[in-house]
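Per-entry structural report
For reference, the chains in residue letters:
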Amino acid sequence: DQACEAPREESFVEAEICEPQAAAEVEVEVETEDAPPPGETPPAVPPPPASVPPPPASAVEADKGNGVAPAEKAAAPQQQQQQEHRYRRGDYVMVLSKTLGEWLDDGIIILSLKEVGNHDSMNLPAGAIKVQYNEKKTFKWLLPHQVKENVRPSPRPRPPPNLAGELIKETHGWITSWHVRYFELTKGELKWWNKRADAEKGANPSGSLHVFGLELHLENTVFYIRTAGVPDSKGRLPSKGVQYVFDATTETGAVKWVDMLQQHEAYCRATAMYYAQRKAEQEADKRIAGLEALARTLTAGPKKQKD
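Residues numbered from 1 in each chain as written. Predicted model: local features only at pLDDT ≥ 70, side-chain atom pairs only at ≥ 80, totals over all residues. Heavy atoms only, no water.

Attention shifts here to the overall build of the protein. Counting its secondary structure elements, the protein contains five helices and 17 strands. Relative to its 307 residues, the protein shows a buried fraction of 32%. Here the contacts in the protein between residues at least 6 apart in sequence split such that 53% fall between residues at least 24 apart. (Helix = DSSP H or I, 4+ residues; strand = E, 2+ residues; numbered from the N terminus. Buried < 20%, exposed > 50% of the residue type's maximum accessible area, 1.4 Å probe, protein only. Contact = heavy atoms within 4.5 Å.)

If you want it as structure tokens, here you go:
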């Protein structure tokens, strides 16, 4: 995905959400037990019947009262089934991992085939999807009839657009100095490098911070950041961290950065609330399942010993 660059004097770049990101090492879990072997063309799907026999007169009369044509009523279940399996690239999904034996709520659709094609050395039919999940470590192909049992839509929050560009950062040492650095704001994390070329080469950032619990203060072209950090497993926040100071050199650029930082902080909060609620629901389901199992055991009574 290519970023949409703003004018250079504004010193920032707004980009579309760059997903999915390819993992350096990816496990492959292919759910294609009914897929044809590589090199063979999938069997053709038989065409629908040329004509549909007319419904009985009684059925026609009954449908007239509802204002629904018999042909439309007959086609409704088929259209509904097709809509259930219609995923597009970039959709967020939950994925059933056969390896881990659980649903993982971090999946994203990488490809959704509209026609027959060869992908990853396999001939796949239209409607097949490729999904990435498990912290981007695993992907798998699913045939159309496997989608419903292995993938569910995920309501987890979507991140705001990414933002990238150069800012002047205050550096503290023996004396306070200012240096130009290249920054990227992605999914609630602000990272920076000495040069843009370093980021493009995949080098580790010189520094980073999460914007959860963000405190912002703007003065002309300079904005001040202090964050609360990332909550621990119990939802507790660490003590306030170091204050960071950045200069966007223009008021327009400063306002843009501050606005996007606030959007990403809101995304972090929404995501934390979402997963906390999911965890609570899962724990409640486990307790209910345990109580139901205990009730079944008590209802069955003690087993009779054989003579």
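What follows covers unusual backbone geometry. Residues other than glycine seldom take positive phi values, yet Asp120 does so here, at roughly 50 degrees. By secondary structure assignment, the location of Asp120 is in the loop between strand E6 (117–119) and strand E7 (122–124).

Next up on the list: the pattern of salt bridges. In the structure shown here, the tally under the stated rule is eight salt bridges. Of the charged contacts in the structure, one is a salt bridge between Asp120 and Lys130, with a shortest N-O distance of 3.1 Å. Within this pair, whereas Asp120 is found in the loop between E6 and E7, its partner Lys130 is found in strand E8 (residues 129–133), the two being separated by 10 residues in sequence. By relative accessible area, Asp120 is classed as partly exposed at 42%. (Salt bridge = Lys/Arg side-chain N within 4 Å of Asp/Glu carboxyl O.)

Let us now look at the nonpolar core. In terms of nonpolar packing, the biggest core is built from 21 residues, with Leu185, Leu190, Phe223, Ile225 and Trp257 touching the most fellow members. For this core, the secondary-structure elements that each account for two or more residues are strand E11 (162–172), strand E12 (176–186), strand E13 (189–193), strand E16 (222–226) and helix H5 (251–300). Of all the elements, H5 adds the most residues to this core, at seven residues. Not counting chain neighbours up to four residues away, the residues in contact with Ile225 comprise Leu190, Leu209, Leu214, Glu215, Leu216, Val242, Gln243, Tyr244, Phe246 and Leu261. (Core = buried A, V, L, I, M, F, W, Y, C linked by side-chain atoms within 4.5 Å.)

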